[in-house]
Structure formats: structure tokens, C-alpha cells
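Each chain is listed here by its residues.
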Amino acid sequence: MTKKIIIGSRGSKLALLYAQKAKEQIIKKTTLDKNDIEIISISTKGDQIKDTKLSDIGGKGLFSTEIEKELENKSIDIAVHALKDMPATETSGLKTDCFLERNDPREILITNDKKKLNDLKLKSIIGTSSFRREFQIKKLRSDLTCKIIRGNVDTRIKKLKDGNYDAIILSYAGIKNLNLENEIAEIFSAQEIIPSAGQGIIALQCREADKEIISILKKVNHEETYKRAHAERNVLKVLEGDCETAIGVYSKIESDTIVVEAELFSIDGSQRFYEKKSGQIDKFKEIGKQIGQNLKMQSNNSYKR
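Not measured: the values here are computed from a predicted model.

Q: Explanation requested: the overall build of the chain in the structure shown.
A: Along the chain, the regular secondary structure elements total 9 helices and 13 strands. Dimensions along the principal axes, computed over C-alpha positions, put the chain at roughly 60 × 45 × 35 Å. Taking all 305 residues of the chain together, the buried fraction comes to 56%. Sequence separation of at least 24 residues holds for 68% of the intrachain contacts in the chain that already meet a minimum separation of 6. Of the roughly 13,800 Å² of accessible surface on the chain, a fraction of 45% belongs to carbon and sulfur atoms. Taking the average place of the 54 positive charges on the side chains of the chain and the average place of its 46 negative ones, the gap between the two points comes to 1 Å.

Q: Help me understand empty space enclosed by the protein in this model?
A: Here the idea is plain: a probe the size of a water molecule rolls over the atoms and shows the empty space left. Taken as a whole and assessed by the stated rule, the structure comprises 2 cavities of 30 Å³ or more. A volume near 40 Å³ is recorded for the largest cavity. Lining the largest cavity we find Gln-191, Tyr-250, Ser-251, Lys-252, Val-259, Glu-261 and Lys-276. Taken together, the elements giving at least two residues each to the lining of the largest cavity come down to strand S11 (247–254) and strand S12 (257–265). Here the element with the most residues in the lining of the largest cavity is S11; it accounts for 3 residues. Here the second largest cavity is characterised by a volume of approximately 30 Å³. Along its surface, the second largest cavity is lined by Phe-131, Phe-135, Glu-244, Ile-267 and Arg-305.

Q: Even after reading the chapter, I still don't get the pairing of strand S2 (residues 37–42), so can you show me in this structure?
A: Along any regular strand, the residues point their side chains to alternate faces of the sheet. Relative to S2, strand S1 (residues 5–10) runs parallel, the two sharing 6 bridges. What sits directly across from Ser-9, in S2, is Ser-41.

Q: So what exactly am I meant to see when it comes to the packing of helix H8 (residues 223–239) against helix H9 (residues 284–299) here?
A: Axis angle and axis distance: for two packed helices, these are the angle between their axes and the distance between the axes, and together they describe the pair. H9 packs onto H8 with a crossing angle of 30° between their chain directions and a minimal axis gap of 7 Å. Our classification of the angle between H8 and H9 gives roughly parallel. In the packing of H8 onto H9, the handedness of the crossing is right-handed. For the pair H8 and H9, the contacting residues are Tyr-226, Lys-227, His-230, Ala-231, Asn-234, Val-235, Val-238 and Leu-239 in the first and Phe-284, Lys-285, Gly-288, Lys-289, Ile-291, Gly-292, Gln-293, Leu-295 and Lys-296 in the second. A breakdown of the residues in the contact of H8 with H9 according to their chemical character gives 8 nonpolar, 5 polar and 4 charged.

Q: Can you walk me through the packing of aromatic side chains in this structure?
A: Here the structure, examined in full by the defined rule, presents 4 aromatic pairs. Pairing Phe-135 with Phe-265 gives two aromatic rings, centres 5.7 Å apart and planes at 55°, and the pair type is tilted. Of this pair, Phe-135 sits in helix H4 (residues 131–140) while Phe-265 sits in strand S12, and the two are 130 residues apart along the sequence. Considered together, Phe-135 and Phe-265 belong to a single accessibility category, that of buried residues. Of the aromatic side chains, those joined through ring pairs into one cluster are Phe-99, Tyr-226 and Phe-284. For Lys-147, the ring lying beneath its charged end belongs to Tyr-165, and the centroid distance is 4.8 Å. Across the ring face of Tyr-172, the terminal group of Lys-176 is positioned such that the distance to the ring centre comes to 4.9 Å.

Rules used throughout
Residues numbered from 1 in each chain as written. Predicted model: local features only at pLDDT ≥ 70, side-chain atom pairs only at ≥ 80, totals over all residues. Heavy atoms only, no water. Helix = DSSP H or I, 4+ residues; strand = E, 2+ residues; numbered from the N terminus. Buried < 20%, exposed > 50% of the residue type's maximum accessible area, 1.4 Å probe, protein only. Contact = heavy atoms within 4.5 Å. Areas by Shrake-Rupley, 256 points an atom, 1.4 Å probe, with all protein chains shown as cover. Lys, Arg positive; Asp, Glu negative; His and termini not counted. Charge placed at Lys NZ, Arg CZ, Asp CG, Glu CD. 1 Å grid on protein atoms, 1.4 Å probe; cavity = no way out; pocket = protein on both sides within 12 Å on 5 of 7 lines; lining within 4 Å. Points joined across faces, edges and corners; volume = space filled by probe spheres on them. Pairing = 2+ DSSP bridges. Axes fitted to C-alpha atoms, helices over the stretch in contact; angles between N-to-C directions. Parallel < 35°, antiparallel > 145°, perpendicular 65-115°, else oblique. Left-handed = near helix turned anticlockwise from the far one by under 90°. Nonpolar A, V, L, I, M, F, W, Y, C, P; charged D, E, K, R; others polar. Phe/Tyr/Trp six-rings, centres within 6.5 Å; stacked < 30°, edge-to-face > 60°. Lys NZ or Arg CZ within 6 Å of the ring centre and 35° of its normal.

Right, dumping it as C-alpha cells:
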């Protein structure tokens, strides 16, 4: 490289940890050293507006648009994203085809007194800003009330401890990376609560025309995670999923087989549509598309406003 590689990331503690992981992997897999790579933080609209549902202020792009603009302007060379926060459709001229090894994708529950979901008192208040999590929790316990919660992990835990909620649901990956596992009251299996597509995956994005960076990212890409990411994202792409789409998608690879399952809820959460498929691992993209098409037919577009 003739110049420093600039990695752009959201400014949260967790996002910067992910950017550092990306930097470490590049150093490990290439001849570059720590002085060749710089990390800069970028404030996104999703970080600035903290008291409103994402779907009410523009959806998933709120955590990626500003970072992508810096990539387009060539202010940065690599963008680091949590894959689950990225819109299903790729921004023209940009390429998201490199993924670090997947973190634990499961969901966890945090409560003040370490009570599990089934032990919470009747009509307890659960903090979540996700329609998917809200409908999945209501499926497990219909009496619970879901109330919007936004902000980074530390902020959400503080709101819980201040008594604004009886419990909050978060992704295990974030809690693990922040060394907050002692806060966990319950870990849900990926079958109990199907995670968001790409949950636990760090995606590295670059410009489509930047051959030098693309060749670096190819060395960093984790092959199994790459296949799972594309399988899960293809479900979303077919459904044209956005922030209002209440959908969980999860894949696993067993030997030479990939298994993908997904659940989709109608816009009001009253109907649930489920699909599971497995096939040869090299058909990972097609299986994702098939599940998306089957869910689209089953739901008759009831998941869209």
C-alpha cells in the first residue's frame, strides 16, 4: 500500500471494538502492520436520535448511510458494520463481501434480579426497539408489554437498573465483546428466538472499484461466515426487508449441508410464517432466495404496510 488504510466505524464502544478486530485480522492475514491502518469514528443518525423507533426515522440505513458516504467520498477505505444493521440492498458502487468469523448470534435477557423470562411477573415491561423481538417475546409470553428502548448497551442496562423496564433483550455478541456476561439472566437458543439475519456478523465494506482493498479483504474473509451471511441476507433481499420487517433468519452448516430457517410476522404480529430448508453447501445463495420466495407467498405481503 502506498498510503495508510483508513477504517471507518460508528463511534460506540462496541463498534470500535469491532473495527479493532477488523484491523487485527488485516494485520494477521497480510504483510501490513499496525502503523499502516488507522481507525476513525463516524457519527451516524441512528446514534444521534436515541428515543424513537428506527422505523419511524428512516430504518436500517441510519447506522450505515453516513459511513457509506465517507467511503464514497474516499475519506475512508473500509467501512465496518454490524451486518444486521445494514439495509438488504447494497449501495451502488460499494461492495460488502467480506465477513469476519461470526460471533455468537443468540439473544439474551437481562433482568435486575436475574429472573428468567418465564419467572417475570405478569405484564412485565420488556425493553426492545425491534418489532421482531417484540413479536417473538409475545409468542413466548403474550401478557408481556414491550416498550421502546434505544441507545448503546451501557445506556440500555442503565435504563433497566433505573427501573424503567423489568427486562431488556439484547444480542449475546455485544454483551460478550463488552465483557458484560455477568449481567445475563437467560440465553435463548436460536430455535427459541430466531435471531436477526446476520446477527453476530461483522461486515467489511469497500468501494467496488478499489481492487487493492478488495484483494486485502479476500484474505480476511471467513468462508463459512460468508456463506451463512449470504444465505440469510438473500431471504431479506427477496422480501425487500426493512426496519419494519419482523423477521428472524438463522443458518448453520453441518458437514457439507447448510440449514436455513426463518420466521416472518405480519405487520401487526398476529400471524407467523415459518420456513426451513437444507441443501448442499454450495447452494447457499439459492436456499436463501427459495426461503424468501416461500415466505412471500405464504404471507401474501401481510408483512408490508
